[in-house]
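# Summary of the model geometry
Chain by chain, the residues:
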Amino acid sequence: RDDDDINDVASMAGVNLNEESARIMATNSDLVGTQIQSCKDEPFLAAIPLHKRILETAKKLGITDVPAEVVTFISHATQSRLRTVIEKVTVITQHRMESYKDDEWYEQATDVRSQLKFFEQLERLEKQRKDEQEREILLKAAKSRSRQEDPEQARLKQKAKEMQQQELAQMRQRDANLTALAAIGPRKKRKLDAPGLLTIGGEGVGVCGGNQAGLGTASPRQYPRQKITRVNLRDFIFYMEQERDMSHSLLLYRALLK
């Protein structure tokens, strides 16, 4: 009847299901009837120190005996809690590292870096103006030829003399540097290493294939750079501020003091 059934695709292909089942059972006969067990339960924390710590806390509450199952349960709970904290802090760090400069849905409202550069430029100009005024005062004091000089006038003349000597030394140093650069000549750009050249100890060792000389025909293996997420204290403080159980904790207070 199976051979006559047009819907039996296996019979039409010439496959006997009974024989195939017998072969499978004969091949996996060693696995039939065996008991499959899960892997060994490995605690996340060291059991002995954790058990001592739990006993110390339990004695304060009048508990004298703590079974090993409690230690294992607390160890797994600590692991789960730590995994949750790391995942949330990692998300916070990734949000902090995201850049929205090239996003068409965002536009820049303030540019603190440009503002800081502007203030630095103002401070530089103000300092330059004060230096110019002081220089003019010192030059006037140095050019004065009064016979009766007070100690303040003498001090200004001495300071003007030191300033002139310092400027002269700077000019000589600048001229010496220009002369040395002219003697060396224009700097040549360093040629980039060829893709098949491995540099060891300052000497090039060829690893190119084809007719070129080298140690082998394989190109140097390029390993992909692993992206590292660096979590700082500010990210962890932000996480603790968002958590209901940690927003008023002593740990957050200590973190804010650092």
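Remember, predicted model here, so these are calculated numbers, not experimental data. (Residues numbered from 1 in each chain as written. Predicted model: local features only at pLDDT ≥ 70, side-chain atom pairs only at ≥ 80, totals over all residues. Heavy atoms only, no water.)

### Details of the pattern of salt bridges
As enumerated under the stated definition, the model contains six salt bridges in all. Among the ionic pairs, Asp-131 bridges to Lys-127, the shortest N-O distance being 3.3 Å. Here Asp-131 and its partner Lys-127 are both found in helix H5 (residues 112-143), four residues apart, which amounts to about one turn of the helix. Assessed through its relative accessible area of 37%, Asp-131 is described here as partly exposed. (Salt bridge = Lys/Arg side-chain N within 4 Å of Asp/Glu carboxyl O. Helix = DSSP H or I, 4+ residues; strand = E, 2+ residues; numbered from the N terminus. Buried < 20%, exposed > 50% of the residue type's maximum accessible area, 1.4 Å probe, protein only.)

### Structural notes on the side chain of Asp-235
Topologically, Asp-235 is positioned in helix H7 (residues 233-242). Accessibility expressed as a relative area gives 4% for Asp-235, which makes it buried. Polar contacts involving the side chain of Asp-235 include one to the side chain of Arg-96, which spans 2.8 Å. For Asp-235, the contacting residues outside a window of four places in its chain are Val-89, Ile-92, Thr-93, Arg-96 and Arg-230. (Polar contact = N/O pair within 3.5 Å; in protein donor to acceptor, adjacent residues only side chain to side chain. Contact = heavy atoms within 4.5 Å.)

### A look at a nonpolar patch on the surface
A contiguous nonpolar surface patch, about 410 Å² in accessible area, is contributed by Phe-118, Phe-119, Leu-122 and Leu-125. Tracing the sequence through the fold places Phe-118 in helix H5. Residue Phe-118 is classed as partly exposed on the basis of its relative accessible area of 47%. (Patch = residues over 30% accessible without salt bridge, like charges linked within 9 Å, V, L, I, M, F, W, Y side chains within 5 Å. Areas by Shrake-Rupley, 256 points an atom, 1.4 Å probe, with all protein chains shown as cover.)

### Topic: the layout of surface pockets
The computed volume of the largest pocket comes to approximately 210 Å³. Along the walls of the largest pocket sit Gln-128, Asp-131, Glu-132, Glu-134, Arg-135, Leu-138, Lys-159, Glu-162, Met-163, Gln-166 and Glu-167, which together make up its complete lining. Going through the elements one at a time, H5 and helix H6 (151-184) are the ones with two or more residues in the lining of the largest pocket. In terms of residue count, H5 provides more of the lining of the largest pocket than any other element does, six residues in total. By residue class, the composition of the lining of the largest pocket is two nonpolar, two polar and seven charged. What the second largest pocket holds in volume is close to 160 Å³. Surrounding the second largest pocket, Tyr-100, Lys-101, Tyr-106, Glu-107 and Gln-108 form its lining. (1 Å grid on protein atoms, 1.4 Å probe; cavity = no way out; pocket = protein on both sides within 12 Å on 5 of 7 lines; lining within 4 Å. Points joined across faces, edges and corners; volume = space filled by probe spheres on them. Nonpolar A, V, L, I, M, F, W, Y, C, P; charged D, E, K, R; others polar.)

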